[in-house]
Amino acid sequence: QEPNSSKATDHLGRERTLDPRKDIQWHRSLLYFNGWAFTPRFTWAVNTWSVISTGQILIIGSMTYRFNKRFRLSGGLNALPTTRSVQGSHPLWQANDRIMADEYFRAGFSSSVWLSGEVVPKLQYTLLVANNLSQLGLTASQLTRDLAKGGSLLYMPTTGEFGPRGAFGDWEHHEKLATRFGGGYGWAREDRFNNDPTTGSSNTQIKISDGLNLFDTNALADSTTLQKATWQQFSFDAGMKYKGLFLHVEYFQRLLNQFESMENRPVPISEINENGYMIQASGFPIKQKIELYAFHSYINGKWNRSQEFGGGLNYYPTDTRYFRINGHLMSVENTAANSVFGFYLGGMTGITYSIGVSFIL
C-alpha cells in the first residue's frame, strides 16, 4: 500500500496517522471434509478455516437435510445473505479478496439455521436466522438474545446456473448466455459485546464511512460509546456470462439507527443511511489461460464518499480454474472499508498492489 504513511481526518475533525501494509502472508487456508450420514438426504460439512493475517484458526461446519428440491433445512455457520460474496462464491472471485464496497457493506458469519430451495425452476430462496452479524471471536456468554434475520432470492432465467459456486469470471466459456439476478435483505440488533469503554469493542463488523468501528469509544461523538445499534441492509445484483466475458453489478443500501450509548445519554446522531455500488467486468484474451478484469466501487457515506478504480490479471497455468496466479492493482480515495482480511485500510487514499497464488485441490 502506497504511500508509506499518511494522515486521515474523521467526521469530528480528528486526525489520525495511517500505517499502510507491506507484508507477505499465507493468507487463507480452508480444508473441506464433507459427506452424508444415515441417508443421502442428510449431508454434513466440517471445515478448518484460518486467516493468518488476523491470527484466526477455527473449525466450522454445517448440516443439511434435503426434504425435496424446494425445501432444505440447514444449521451451522453461515452469513446473512445480503451480498453476493457471502452466498457461497468464495474463493472463486476475480482477485484474492473482496473489493471495497462489498467489504464495507457485507455481513460476517455466525451460527445460524436456514431454509433454502428452488421455489420454481431457476428461482432459489434462502431464509436465515443467526446469532448476530459476526460471531467470529465471540463466546456464547457475550451474545445477546437478539437474533439476526435475513433472506435472499436468486433467479437465473437463461441457463439456470452461473458456473461453479456462482463464480466470478467466465472461465467455463459459456456458449449460451448465462444470466443472474439476485437480492437480499437482513436485520440485526447489534451489541458491543464488551462492557468496558476503555478497551476496543468486541464487535468489529460494522464500520462507518471514515473507516472507524461503529462501537468503538468516540466513534460517533466525543465521550460516547455505543452499546447497541440496529443494522438493516438491502442489496441487488445482476450479472451475465458469455464466451469468456463476465459482467457483474451490485447495489447496496444500509441503515444504522436506534442507537443506545453505554453512558445512558442521547446520541447526537439518530441514523446513518448509506448506499453504494460495485461494477466488475472481465474477459479472456487467451481462452481459459489469461483473464483480464477491471472494477470500480463507490460508497456514498454519511460523512465521506469513497471510491476506487482498479484491475488485474489472472493466469491459469494448468487446465483448471482452480489454480491461478493473480496480479491486482487499485487506486482508492478515502476508503471507508477497514479490514486486514482484505486490501483496505480505513481512511487511506493511495495505491494498493498485490501478487497472489490460490488453488483448490
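Residues numbered from 1 in each chain as written. Predicted model: local features only at pLDDT ≥ 70, side-chain atom pairs only at ≥ 80, totals over all residues. Heavy atoms only, no water.

### Brief notes about empty space enclosed by the protein
Phase 1: What the rule picks out here adds up to one cavity of 30 Å³ or more.
Phase 2: Put simply, the largest cavity is a space of about 100 Å³.
Phase 3: Forming the walls of the largest cavity are 14 residues, and the residues nearest its centre are Trp93, Asp97, Arg98, Ile99 and Gln280.
Phase 4: Residue assignment for the lining of the largest cavity shows that the elements contributing at least two residues are β13 (271-286) and β14 (290-300).
Phase 5: Here the residues of the lining of the largest cavity sort into seven nonpolar, four polar and three charged. (1 Å grid on protein atoms, 1.4 Å probe; cavity = no way out; pocket = protein on both sides within 12 Å on 5 of 7 lines; lining within 4 Å. Points joined across faces, edges and corners; volume = space filled by probe spheres on them. Helix = DSSP H or I, 4+ residues; strand = E, 2+ residues; numbered from the N terminus. Nonpolar A, V, L, I, M, F, W, Y, C, P; charged D, E, K, R; others polar.)

### What to know about a nonpolar patch on the surface
Phase 1: Together, Trp26, Ile52, Ile57, Leu292, Leu313, Tyr315, Ile325, Ile355, Val357, Phe359 and Leu361 give the surface a local cluster of nonpolar side chains, amounting to about 1,200 Å² of exposed area.
Phase 2: For the nonpolar patch, the secondary-structure elements that each account for two or more residues are β15 (305-315) and β17 (350-359).
Phase 3: With three residues, the single largest contributor to the nonpolar patch is β17.
Phase 4: Within the fold, Trp26 resides in the loop between β2 (15-18) and β3 (28-37). (Patch = residues over 30% accessible without salt bridge, like charges linked within 9 Å, V, L, I, M, F, W, Y side chains within 5 Å. Areas by Shrake-Rupley, 256 points an atom, 1.4 Å probe, with all protein chains shown as cover. Salt bridge = Lys/Arg side-chain N within 4 Å of Asp/Glu carboxyl O.)

### Examining the side chain of Glu190
Phase 1: Mapped onto the secondary structure, Glu190 falls in strand β10 (residues 178-191).
Phase 2: Of note is the side chain of Glu190, whose polar atom sits 2.9 Å from the side chain of Asn203.
Phase 3: Look past the residues within four positions of Glu190 in its chain and what remains in contact with it is Asn132, Leu133, Asn203, Ile206, Phe215, Gln227, Lys228 and Ala229. (Polar contact = N/O pair within 3.5 Å; in protein donor to acceptor, adjacent residues only side chain to side chain. Contact = heavy atoms within 4.5 Å.)

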